[in-house]
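One letter stands for each residue in the lines below.
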Amino acid sequence: MALSVPQISAMIVLMAEADEVTNPELKERYNITLDGKDRRHLNDLKLVESHKRGRSFAHVLTDDGWARLAEEIRAGVKVTSGSNGAALRAVLAGLVRFLSRTDQRLGDVFQPAQAAVEDEQDVEARVRAVYAELTREPGGWVSLTDVRVRLADVPKDVMDDALRSLNRQPDVVMVPEDNQKALRPEDRRAALAVGDQDKHYLSIGAR
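Anyway, here's the lowdown on the structure attached to this text. (Residues numbered from 1 in each chain as written. Predicted model: local features only at pLDDT ≥ 70, side-chain atom pairs only at ≥ 80, totals over all residues. Heavy atoms only, no water.)

### Structural notes on the sheet that holds strand 5 (residues 172-175)
With antiparallel pairing, the 3 strands of this open sheet are ordered in space as 4-8-5. Single-partner strands in this sheet number two, and they are strand 4 (142-143) and strand 5. Pairing of strand 5 with strand 8 (residues 201-204), which is carried by 4 bridges, proceeds in the antiparallel orientation. Bridging across to strand 8, valine 175 finds its partner in tyrosine 201. (Pairing = 2+ DSSP bridges. Helix = DSSP H or I, 4+ residues; strand = E, 2+ residues; numbered from the N terminus.)

Here it is in structure tokens:
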């Protein structure tokens, strides 16, 4: 069943929040509410779960809601015209390209604002797991750009700390790109600064 622009817009906001949100919070943060026929329609389709919290409704996307929203975004969300609509279309198109490139889902990208940041050891373990996926044998070279893309949900400062910790471990080697002219802007952004040198490639398990 088709969804209206206000319904899809509300689902996009719930996606961004990735957590239960009340109508007063929606009003304060985004100047919208999800109520009346829009709420009932999304509830009936089991795309959004709503319940009373005090005097207001609180809402959260269901698993079906996440899946439906992913379909809507890939198909091209219908938004209002004007500069705001154009900006939203551009952001969502970029999101689709990112999901396709990294083979991730919306739920991998959007996390609750209050979610606890993973500790350094957890991130190190994830880096090792991603490295194993990206190379066929121990000791192969993997771009830090590819590692960061796969772990885009990890804040840059947390990732930097984990990579520096890994770099001190005996089975890990990081090196710079010999041909600096070959570096793309994203490679420069993904580099890890160690001392006065930027590292661009990671090798694990060669020693």
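Moving on from the coordinates now.
### Let's talk about the nonpolar core
Here is a general trend for soluble globular proteins: nonpolar side chains tend to be buried in one another's company. Among the nonpolar cores identified, the biggest contains 26 residues, and Met11, Met15, Leu61, Leu69, Ile73 and Leu106 are the most heavily contacted of them. Sorting elements by how many residues they give to this core places helix 1 (residues 5-17) first, with 7 residues. Residues contacting leucine 106, with those up to four places away along its chain left out, are Met15, Trp66, Leu69, Ala70, Ile73, Leu95 and Leu99. Counting 19 residues, the second largest nonpolar core, distinct from the first, contains Val123, Val158, Met159 and Met174. (Core = buried A, V, L, I, M, F, W, Y, C linked by side-chain atoms within 4.5 Å. Buried < 20%, exposed > 50% of the residue type's maximum accessible area, 1.4 Å probe, protein only. Contact = heavy atoms within 4.5 Å.)

### Concerning the packing of aromatic side chains
Evaluation of the coordinates by the stated rule reveals 0 aromatic pairs. In this arrangement the basic side chain of arginine 39 is found over the ring face of phenylalanine 57, its NZ or CZ atom lying 4.0 Å from the centre. Sitting above the plane of the phenylalanine 57 ring, lysine 52 keeps its charged end 5.4 Å from the centroid. (Phe/Tyr/Trp six-rings, centres within 6.5 Å; stacked < 30°, edge-to-face > 60°. Lys NZ or Arg CZ within 6 Å of the ring centre and 35° of its normal.)

### Section: helix 1
Look at helix 1: 18 Å from first C-alpha to last across 13 residues, which is about the 18 Å you get at 1.5 Å a residue. Along helix 1, the positions that sit buried rather than exposed are Gln7, Ile8, Ala10, Met11, Ile12, Val13, Leu14, Met15 and Glu17. Directly beyond the C-terminal end of helix 1, a positive phi value near 55° is found at alanine 18. (Expected span 1.5 Å × (residues − 1).)

### Quick look at the side chain of aspartate 38
Residue position: aspartate 38 is located in helix 3 (residues 36-44). For the buried residue aspartate 38, which engages in no salt bridge, the nearest side chain bearing the opposite charge is lysine 37, 5.9 Å off. If we skip the residues at most four places from it in the chain, aspartate 38 touches Ser4, Pro6 and Gln7. (Lys, Arg positive; Asp, Glu negative; His and termini not counted. Salt bridge = Lys/Arg side-chain N within 4 Å of Asp/Glu carboxyl O.)

### A closer look at the packing of helix 1 against helix 2 (residues 23-30)
The geometry of helix 1 relative to helix 2 is characterised by a closest axis approach of 12 Å and an angle of 90° between their N-to-C directions. By the angle between their directions, the pair helix 1 and helix 2 is classed as roughly perpendicular. Mapping the contact onto sequence places Val13, Leu14 and Glu17 in helix 1 and Leu26, Arg29 and Tyr30 in helix 2. (Axes fitted to C-alpha atoms, helices over the stretch in contact; angles between N-to-C directions. Parallel < 35°, antiparallel > 145°, perpendicular 65-115°, else oblique.)

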